[in-house]
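Fold and geometry: a report
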Amino acid sequence: MTTVGQERALVLSVRGLRKSFHRGLPPRRRTIEVLRGANLEVRGGELVGLVGENGSGKSTLMQIVVGLLKRDGGEITPPGRLGYCPQSPMAWDKLTVSEHFALFAEAYQLDEARSQAAESSLLEELQFASYRDFRVEELSGGTRQKLNLALALMHEPELLLLDEPYAGFDWETYVRFWEMSERRRESGMGILIVSHLLAERERLSRVYSLTDGRTVEG
Amino acid sequence: MSGFGAISGNFLREQIRAPLNLVLLVAIPAFFVLIFASVLGEFAEALGGDLARQSATAISAGWAAAFLCGALSYFQVSSSREADRRLALAGLGPRRVATGRIAASLALGVVVSVVAYLTLWLRSGVAHPLHVAAAIFIFAAIYIGVGALIGTLVRGPLEGSLLVVLVFSLDVFSGPAMTSSGGFGNFTPTNHAANLLIAGGGGQGSPTSDWIGGAAIAFGGLLVALVAFFLSARGRG
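If you're wondering where the values come from, they're calculated on a predicted model, not measured in any experiment.

Overview of helix 5 (residues 171-186) of chain A
Residues and elements named next belong to chain A. With 16 residues, helix 5 extends 23 Å from end C-alpha to end C-alpha; this agrees with the ideal 22 Å at 1.5 Å per step. Within helix 5, burial applies to Phe177, Ser181 and Arg185. Along helix 5, the residues classed as buried sweep out an arc of 65° about the axis, all on the same side. Exposed and facing more than 90 degrees away from the buried side of helix 5 are Glu172, Glu179, Arg183 and Glu186. On its buried face, helix 5 is in contact with strand 3 (47-51) and strand 7 (190-195). Looking at the residues trailing helix 5, positive phi occurs at glycine 188, about 105°.

So this is what it looks like as structure tokens:
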């Protein structure tokens, strides 16, 4: 993490990011250039948006930042503590909500007390405490998405990456989601929201558009 | 519970909470030992093999363990790939995810082997208990590797499960007991395990070469599974 003058600390810097995918076998082998030099940055206390049409490479960019995909070129300076909320909940259908918290507490190296406190507070904040002992396969789409978000927040990351985070939320949860994001931002967390449709632009510090594999600020 | 125990315990729980898995855990050994074994000897005779009835019953317990472990191991990878990857990225790392998965697979392998052994014991009795139990577990360990490897290489559940069945079928019908001596049968993954189980089922001892060969391939199978679980949890394309 770096500090520039009086500005907040930089929690994510992406410079000249390039990524191509190769599909099919010869003679139908095709190369699809998804990212052709994308740039963006997020500072602590900022809520930044990344928008683009379907297939523009938003999720690819995010997956490269978290380490799910390798990049072909460019530079990334990630934060020490990263929270990742993928587009579809990457969870185990047969495990309960509590068991998910236990596994991620292990991954984030939280001790028992911190893990319990984080679990209770997130269940309360996102209002799904009554589902604590439900298996993921028994949850509705919206509640799965709450779990998805809660798992990304358990360790109070410096940067929270949200990929289409409110898909499946009802209106109340949607409103609560933005309030929660505001609270996290005020506490100094950097947040990057990736979506094909950002309706709450006034809440955002900055918006990047991803077009033809390049980001444009504004 | 320790961190490692919590991780592997949750991975194991994930498998045994599938009701179909529990049904198959009983149904597959029962089908193989009680029904499949009776026709296995006739198949062997038709293919030029010399599988005696007692040995056919014994080896069918090994095949049951192999089939179940191959399928369970395959689905452990294919159904959990994304979640395992997220957990690894969150800080657990692919190495710890893989060791949790291999521990869960081994526990399942032991359970499957015990069920197959008990089915065999109920059907025909077991003359050499330790010999037969070890041979059945070797079958299980080899197929933990086969299932995990296919799960890592093949993403589609239909294609992957069919490939597990194809490998299994080739292995069963090309093994030393099913075909005339020589050829491809000597190179099937369960060649030594089959020899061990045929001997044990017939109340005979086995040569050291089969024990060493069987143990080496079982260890290799588990090593392959460990690497496959690691690659699946890391998965950077």
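Let's pick the thread back up.
Structural notes on the nonpolar core
Formed by 131 residues in total, the largest nonpolar core has its most connected members in Leu192 of chain A together with Ala65, Ile136 and Ala140 of chain B. If you tally residues by element for this core, the top one is helix 3 (residues 53-124) of chain B, at 31 residues. Those residues in contact with isoleucine 136 of chain B that sit more than four places away from it in its chain are Ala61, Gly62, Ala65, Ser113, Ala116, Tyr117 and Leu197 of chain B.

Here's the deal with unusual backbone geometry
Residue and element names in this part refer to chain A. Put simply, proline 26 and proline 27 share a cis peptide bond, and its omega is 5°. With respect to the element layout, proline 27 can be found in the loop between strand 1 (10-23) and strand 2 (30-43). The backbone of glutamine 127 sits at a positive phi, close to 55°, despite the residue not being glycine. Checked against the element boundaries, glutamine 127 lands in the loop between helix 3 (112-125) and helix 4 (141-153). Here glutamine 127 falls in the partly exposed class, since 13 other C-beta atoms lie within 10 Å of it.

Each value, and the rule that gives it
- Residues numbered from 1 in each chain as written.
- Chains lettered and ligands numbered in written order.
- Predicted model: local features only at pLDDT ≥ 70, side-chain atom pairs only at ≥ 80, totals over all residues.
- Helix = DSSP H or I, 4+ residues; strand = E, 2+ residues; numbered from the N terminus.
- Expected span 1.5 Å × (residues − 1).
- Buried ≥ 20, exposed ≤ 12 C-beta atoms within 10 Å, placed from the backbone.
- Arc of directions from axis to C-beta.
- Contact = placed C-beta atoms within 7 Å.
- Core = buried A, V, L, I, M, F, W, Y, C linked by C-beta atoms within 7 Å.

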